[in-house]
Every structure is written in C-alpha cells, then in structure tokens.
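Commentary on secondary and tertiary structure
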Amino acid sequence: MRKLRFREVEGLTKGAACVSNHPLLPPTPPQGGQSLRDARVITPPRSPRDPDAARQPAAALGSPRPPEPAGRPSPARLRGEGGGGTAALQKKQARAAALPLAARFASPGCSMEALPRTVELFYDVLSPYSWLGFEILCRYKNIWNINLHLRPSLISGIMKDSGSLSAMRFLTAVNLEHPEVLEKVSRELWMRVWSRDEDITEPQSILAAAEKAGMSMAQAQGLLGKISTPQVKNQLKETTEAACKYGAFGLPITVVHLDGQTHMLFGSDRMELLAYLLGEKWMGPVPPAINARL
Amino acid sequence: MEALPRTVELFYDVLSPYSWLGFEILCRYKNIWNINLHLRPSLISGIMKDSGNKPPALLPRKAKYLARDIRLLRQHIQVPIQFPKDFFSVILEKGSLSAMRFLTAVNLEHPEVLEKVSRELWMRVWSRDEDITEPQSILAAAEKAGMSMAQAQGLLGKISTPQVKNQLKETTEAACKYGAFGLPITVVHLDGQTHMLFGSDRMELLAYLLGEKWMGPVPPAINARL
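Given the structure is predicted, the values throughout are model-derived calculations rather than measurements. Starting afresh in each chain, residues are numbered from 1 along the sequence in its written order. Going through the entries in the order they are written, you letter the chains from A and number the ligands from 1. Note on the predicted model: pLDDT of at least 70 is required for a residue's local features to be given, and 80 or more for side-chain atom pairs to be given and counted; whole-chain, interface and lining totals, by contrast, use all residues. Only hydrogens and water are removed before side-chain values are computed, so all heavy atoms of the structure are retained for them.

1. Details of the overall build of chain B
Test applied: Strands are runs of DSSP state E lasting at least 2 residues, helices are runs of H or I lasting at least 4, and numbering of each runs from the N terminus. With the radius of gyration taken over C-alpha atoms, the globule rule is written as 2.2 Å times the number of residues to the power 0.38. The buried label goes to any residue with under 20% of its type's maximum accessible area, the exposed label to any with over 50%, and the partly exposed label to all in between, with areas taken from a 1.4 Å probe on protein chains only. Accessibility throughout is a Shrake-Rupley quantity obtained with a 1.4 Å probe, and a residue counts as covered only by protein chains that appear here. Charged residues are defined here as Lys and Arg on the positive side and Asp and Glu on the negative side; His and the ends of the chain fall outside this count. Throughout, a charge is located at the NZ atom of Lys, the CZ atom of Arg, the CG atom of Asp or the CD atom of Glu.
In terms of helices and strands, chain B carries 10 helices and four strands. Helices and strands appear in chain B in the N-to-C order β-α-β-α-α-α-α-α-α-α-α-β-β-α. A compact globule built from 226 residues should have a C-alpha radius of gyration of about 17 Å, and chain B, at 17 Å, falls within 12% of that. Referenced to the eigenvectors of the C-alpha coordinate spread, the extents of chain B come out at roughly 50 × 45 × 35 Å. Counting every position in chain B, which comprises 226 residues, the buried fraction comes to 55%. Of the roughly 10,100 Å² of accessible surface on chain B, a fraction of 53% belongs to carbon and sulfur atoms. Positive and negative side-chain charges in chain B, numbering 27 and 23 respectively, have mean positions lying 5 Å apart.

Take a look at the structure:
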C-alpha cells in the first residue's frame, strides 16, 4: 500500500472537510503549490477506531535498532514489506513511492533522492521538557528523513538558573570525542536526575551515568578529566550561544533547516508542527516500533 | 451502551491568540469526540494578576518567538490568525474587558451563539486588526455572528450590571482555582478526576486522556458523529 506523505493527505482532506463545521475563511492551499484540484491521490480511509491509534505499550526509551545491515534502517518497513537491496536504495525507493502521482512527475526538482533535512536539538539534562522532546525525536530520527544533531547546551546560559555545568560539559566532551554515545549518556543523566532523583553534579555521578551508557571506566574518566579544558568549556559556550542566536529563551529548542529557511521551535510539544514543516507523518509521541512494521 | 459524554471546559479570552487556536481545535472535535464542550469566557488580565505571571510577550525573545510561532500555527491549524500591527497597544492598553463581559452576557442569555460571537471577536482583533473595545465594534461582531441588532444592543446594555460583572469574575476565579497562570486552559473531568491542561498544544494529550483518536488540528469532518 502506497504510503502518503502526511502533508498531502492533510491537504486533501482539509479543504473539503474542515470548514463544514463552521464558516472560517477557506484554508490556504498546502505548501508546495499543490492545489486540492490537482491532487489525484486517494485519501486512505480513516476510522475513528483506527487500530493504529490504539495506545502503544510503554515504549523502551531510545529508538529500537532493528537487526540489519549498517546504514539507515530498511525503509521496507515503511511499506510494511520485507525485501532485498541495500538499505539506502530501499529508502530512496520508499520515498519516491511515497510521493503522490502528480508530484512525482509534475513538480520540478523532485528527485528520486531526497536529502535528509537537518534537525538540531539544543538541550540540557536539567530540563525535563528537553528529555521529552529528546525521546520523541530519537524515536522519529529513523522514521523521518532527517539527520538529528544533538546539541548539549546550558540552560543557565539562557536563563539565570542553577547549574548542570559539569554534566553538560561532560556531554560536550562526549560529543567532541565519542559522538556515537552522546544519545545514551544524555539519557542516563536524565534517568538519574529526572527519573531516580539522583545527583548529577559529582564526578562519581557522571561516571556512573557514562558507565551505564556503555562507556568503559577508562574512557569515562578520560573525558571527565577534560571537562575543565578551554576546548570543552568554549564548545559548550559556543553551542549555548548558538541556541541564543536562534532566539532561545529556554530549552529545549528544535531547529529545522528547510529549503533555505530556518525554523526554531520551542518546547517538547511542537513535534507535530515539526512533522508538518517536514511534510512527514505524525504518529503521536510513541510511533509504532520499527519491528512492528515488518 | 452509549457512554456518557465527558465534560470539557475551555477557559478563554479573545485577547489571547492561543485561546483562539485551542478554541477552533476543540470546536472541530466536539462533534467527533464523545464530549460536551463548555465554553467559559474569562479575563486573562485577572489570571495574570492573581497568579503573579506576566504576559509572555513582555520578554523580547518570547515576543519574537510568538510572532513566528503564530505564523506557523496559522498554516498548521488553518486559522486566519495574524498579529495586530500595534500588538502592545492592543494587548496591554486596550484589553478585552467589555468584549469578555459581552460574551459573559451572551453565555447567560443566548449560549447557543456564544461560539459564533466569540469567533467574530477573534476575527476582529486577531485576524483583521480591528477594535474590540468600542460598543460599535462589539455590536458589529454580534451582528456578523447572526444576532439581531436588537438582541445585541440589549445584551450590550447589560455588560455593566452586577450580574454580568460577577459572572465574569467567578469564571475567572474558577480558572484560577483550577491552577491557571494563563489562558487557554482546558479542564477535563474524567472518572472522578480533573485535569487542567494549559495551552493550545495539549489537545493530543487531551485525546489521550479521553481515549479518543487524535487526527491533528484539522480533523476530517467525515468522521463527525451525527
């Protein structure tokens, strides 16, 4: 079954249906200039009892990685099919297949290979909403066509607040030397402060989080030893300043770069709007696990 | 067996842009979800005073963010919302006291048109950058909502009566008792529990609490219950 990009579906149903309840001005056509009359795609039937909407069981934190070859997860799951071919080729094909007929041939610049969009998340482990936004984006980073860049920042640099200085410096160091574990170490720090009410200021606390995230004691201690170096201090300062330049007055902020435009979204409750801007499908804060689609 | 509809209250002020967004979303869903939607005209200035909070736009970066956020949400939520040119004058100086008293009076005597009149007031101040403080402005909104001039003038004459003034005060106090520090707030009563949700961006969470399906801010009307 062809998967429609959510924006196209929304564009189809909006004009026809949404104003029938009340006399608001007619909606503007969906972005991209595709008018309702031009679309030749059939809206998939939606039922209020859509089984997809059934509440998902509590998701394990972090996006579950399916056992598969290196590279982006197979987009075969996007179509609910199995299949051969490289992961990258499948993803390209899935993306092309997901475009409605009209757009595939009519819109200029529509290529078979859409580049992933850059999404930056600026966060501080002291910020609970940062954790919520983080988990949602981690779930979607292998579903949407995006590259998620995590940006450890200092909320006290944005507001005048109490500190998570050592923890965020540690994450900055992790990002500099072992970015592949940044997500896990960040999560473990949140688990300490915002799940188990444990300290994150003492060296032992930070080491414990790093270890739980899979770092060796040697690795973790090495990084801990660097948190007061000019390099790490400056990097954290720069990242925090970058957030401020984007207009941040708090955290989390999500910055998405799209067709030459930049949008800054504040809060963990703007992810559906992010999906809208990306033209991606929003499936709630706990999207169906990848394995479920195979 | 048909389950009883759940009560959902929306406390709002036409001065508040996010109130309008939350209002439109709930109006779309009130015939889809198994709920009774109760509109509660309130005074945001009263809530700010009572809670010690400040309008977010007073912080320069928040003001900048607000303008951009509203522009994006206009598209996403499909509401023709637009910043008034002299935003600070509209929000901080002119306010919404008469308008909200008028809506309070409407709610007391003609609740069946409360939704429409509220909408027309938002269309004035938050779409066409028109006044909502003068009697003529309020009457124009009421007329556009389908009220007769006689009806509208009758209600306008009552906005300074103790009954109307007290009702608006009580509704605003009720919002404060629910814990409001701003508007809009949505209060849902469920199985003996009460949940207060702040903001227009908590509707998906509301759906979750109600066990209803969230279909985005612009649900297809084909799923409307008859």
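2. Regarding helix 9 (residues 217-224) of chain A
Residues and elements named next belong to chain A. For the record, the criterion: To be clear, the arc concerns the directions from the helix axis to the C-beta atoms. Any two residues having at least one pair of non-hydrogen atoms within 4.5 Å are treated as being in contact.
Of the positions making up helix 9, those classed as buried are Ala220, Leu223 and Leu224. Along helix 9, the residues classed as buried sweep out an arc of 105° about the axis, all on the same side. Contact partners of the buried residues in helix 9: helix 6 (165-177) and helix 8 (203-212).

3. Description of the packing of helix 6 of chain A against helix 7 (residues 182-194) of chain A
Residues and elements named next belong to chain A. Filter applied, for reference: In this analysis an axis means a line fitted to C-alpha atoms, helices contributing only their contacting stretch, and an angle means the value between N-to-C directions, from 0 to 180 degrees. If an angle is under 35 degrees, it is roughly parallel; if it is over 145, roughly antiparallel; if it lies from 65 to 115, roughly perpendicular; otherwise it is oblique. Should the near helix be turned counterclockwise from the far one by less than a right angle, the crossing is left-handed, whereas a clockwise turn marks it as right-handed.
Here helix 6 crosses helix 7 at 165°, and the two axes come no closer than 9 Å. Here helix 6 lies roughly antiparallel to helix 7, going by the angle between them. The two elements helix 6 and helix 7 meet at a crossing, and its hand is right-handed. Side by side, helix 6 and helix 7 meet where Ala167, Phe170, Leu171, Val174 and Asn175 of the first sit next to Leu182, Val185, Ser186 and Leu189 of the second.

4. Digging into the confidence of the model for chain B
Worth spelling out the cut-off: Scored from 0 to 100, pLDDT reflects the predictor's confidence in each residue.
Considering every residue of chain B, the mean pLDDT works out to 95; 97% of them sit at 70 or more. As a predicted assembly, this complex carries a pTM of 0.79 together with an ipTM value of 0.92.

5. Points about the pattern of salt bridges
Going by this rule: For this analysis, a salt bridge means a side-chain nitrogen from Lys or Arg found within 4 Å of a carboxyl oxygen belonging to Asp or Glu.
One pass over the structure, following the stated rule, counts 21 salt bridges over all chains. Between A:Asp269 and B:Arg202 there is a salt bridge; the shortest N-O distance is 3.0 Å. You can see A:Asp269 sitting in the loop between strand 4 (261-266) and helix 11 (271-278) and its partner B:Arg202 sitting in the loop between strand 4 (193-198) and helix 10 (203-210), one on each of two chains. Since its relative accessible area comes to 26%, A:Asp269 is described here as partly exposed.

6. A short note on the UniProt feature "active site" (unreviewed entry) in chain B
Residues and elements named next belong to chain B. Let me state the cut-off plainly: UniProt positions are given in the numbering used here, feature names are shortened, and annotations may be inferred rather than shown by experiment.
The feature "active site" (unreviewed entry), as given by UniProt, occupies Ser16 in the numbering adopted here. Among the structural elements, serine 16 can be located in the loop between strand 1 (6-12) and helix 1 (17-29). What makes serine 16 buried here is its relative accessible area of 3%. Discounting chain neighbours no more than four positions away, the residues touching serine 16 are Ile44, Trp122, Trp126, Leu183 and Pro184.

7. Brief notes about the pairing of strand 2 (residues 146-152) of chain A
Applied cut-off: When the strands point away from the viewer, a crossover counts as right-handed if the route from the first strand across the helix to the second turns clockwise.
Burial along strand 2 of chain A is one-sided: the face carrying A:Ile146, A:Leu148, A:Leu150 and A:Pro152 is buried and the face carrying A:Asn147, A:His149 and A:Arg151 is not. With helix 4 (residues 128-140) of chain A bridging strand 1 (residues 117-123) of chain A and its parallel neighbour strand 2 of chain A, the resulting β-α-β unit is right-handed.

8. What to know about a positive patch on the surface
All names here are of chain B. Definition in use: Patch definition: residues above 30% relative accessible area lacking any salt bridge, with like charges linked at up to 9 Å and the nonpolar side chains Val, Leu, Ile, Met, Phe, Trp and Tyr linked at up to 5 Å.
Taken together, Arg61, Lys64, Arg68 and Arg71 make up a surface patch of like positive charges. By secondary structure assignment, the location of arginine 68 is in helix 3 (residues 60-77). Residue class for arginine 68 comes out partly exposed when judged on its relative accessible area of 30%.

9. As for the pairing of strand 4 of chain B
All names here are of chain B. For clarity, the threshold we go by: Strands qualify as paired when DSSP identifies two bridges or more between them.
Bridge count between strand 3 (residues 185-190) and strand 4: six bridges; the pairing is antiparallel. Its bridge partner lying in strand 4, histidine 189 is registered against threonine 194. In this structure, the hairpin formed by strand 3 and strand 4 is closed by a connection of two residues, where aspartate 191 is found at a positive phi of approximately 50°.

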